[in-house]
Amino acid sequence: MTRLSRRIHETLTEVAEAAAAAEVLCAEAGADESQSLRIGLALDELAANALTHGALKERAPFIQVDVWVEEDMLNLKIEAEGPRFDPTEGRPTKIEDYALGGRGLSLVIGFADALSYKRIDGRNITTFSVAKHGEAE
Amino acid sequence: MTGIMRTTEGDVSVLKLLEQKYFSNSRVLFQEHLLAAEAASPKKLIVLDLANAILITSGPLGALRASYRRVDAQGGRIVAAGGGEFAVRVLSFAANFIDHYPSVEDAMADIAPKSA
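Rules used throughout
- Residues numbered from 1 in each chain as written.
- Chains lettered and ligands numbered in written order.
- Predicted model: local features only at pLDDT ≥ 70, side-chain atom pairs only at ≥ 80, totals over all residues.
- Heavy atoms only, no water.
- Helix = DSSP H or I, 4+ residues; strand = E, 2+ residues; numbered from the N terminus.
- Buried < 20%, exposed > 50% of the residue type's maximum accessible area, 1.4 Å probe, protein only.
- Contact = heavy atoms within 4.5 Å.
- Areas by Shrake-Rupley, 256 points an atom, 1.4 Å probe, with all protein chains shown as cover.
- Buried area = accessible area lost by both parts, 1.4 Å probe.
- Salt bridge = Lys/Arg side-chain N within 4 Å of Asp/Glu carboxyl O.
- 1 Å grid on protein atoms, 1.4 Å probe; cavity = no way out; pocket = protein on both sides within 12 Å on 5 of 7 lines; lining within 4 Å.
- Points joined across faces, edges and corners; volume = space filled by probe spheres on them.
- Nonpolar A, V, L, I, M, F, W, Y, C, P; charged D, E, K, R; others polar.

Caption draft 1: Representation of the overall build of chain A in the model. In terms of regular secondary structure, chain A is built from three helices and five strands. Secondary structure of chain A in N-to-C order comes out as β-α-α-β-β-α-β-β. Out of the 137 residues in chain A, the part that is buried amounts to 48%. The contacts in chain A between residues at least 6 apart in sequence include a share of 64% that link residues at least 24 apart. Split by element, the accessible area of chain A, about 6700 Å² in all, is 49% carbon and sulfur.

Here is the structure:
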């Protein structure tokens, strides 16, 4: 299985590098460009949020990023220490219902084909998935 | 390449995105160039030329939102033009306060029309 595993410690540059690497991984695995960009977008949003609001406040912060490609799906898992943050909570039924104040979160939710959350031992674990191939243009 | 290039055409500041992808670490870059663009346009007219950009995340879009508020409060306008399909989709989703035009020329014609 094609896979990328990275640990982010403290900077948004690390986040951006991981997002770019994730896109390359997905593209090389044959995913549509728009679907690869969705993974890069979600990685940047979720990891930057964890870095800014969560992990930086911990004594030994790190954000674990995993991206893997299955036959028909692209998957991203972000695991980070920090206060509880469930991106699936209060998920509206319509994209248009999101306010601008939550731009990053609304992008993550709006561009996900599947989104799940778990909290284990003080760590937020979010999994974001999209189909490898988008809708026909 | 610094990521963004600023030029002035008449009363309008034009910011051209030189790279394809702008992640959360580009927020400060956007802030700096947007502030410079505002200062360079007395009428506070700004065109953000997405050019070849295919991805912009919420970090730089937050800087765009702040600039929009400042410009709007002074009676100006900030609009976007061009860009890749996915970038435009992100913009319409997370920055729908910004009008988008197919080209810089279209944007210029609307915000700073030349008198006949």
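Caption draft 2: Region of the structure containing the interface of chain B and chain A. Taken together, the contact pairs 21 residues of chain B with 26 residues of chain A. Summing both sides of the interface, chain B and chain A together bury roughly 1900 Å²; the carbon and sulfur share of this comes to 66%. The largest per-residue losses of area from chain B upon contact with chain A belong to Phe23, Phe86 and Phe93 of chain B, which jointly make up 33% of the total buried on that side. If you look at where chain B meets chain A, you find one salt bridge. Across the pair Glu23 of chain A and Lys21 of chain B runs a salt bridge whose closest N-O atoms are separated by 2.8 Å.

Caption draft 3: Main features of the layout of surface pockets. One number sums up the size of the largest pocket: a volume of about 450 Å³. Along its surface, the largest pocket is lined by 18 residues, and Glu45, Ala48, Asn49 and His53 of chain A together with Ser58 of chain B are the ones closest to its centre. For the lining of the largest pocket, the secondary structure elements donating two or more residues are α2 (33-53) and α3 (103-110) of chain A together with α2 (58-73) of chain B. Sorting elements by how many residues they give to the lining of the largest pocket places α2 of chain A first, with six residues. The class makeup of the residues in the lining of the largest pocket is six nonpolar, nine polar and three charged.

Caption draft 4: Region of the structure containing the environment of Ala21 of chain A. Residues and elements named next belong to chain A. Mapped onto the elements, Ala21 comes out in helix α1 (residues 12-28). Sequence separation of Ala21 and Phe111 is 90 residues, and the distance between their C-alpha atoms is 19 Å. Excluding its chain neighbours within four sequence positions, the residues that come into contact with Ala21 are Leu4 and Arg6.

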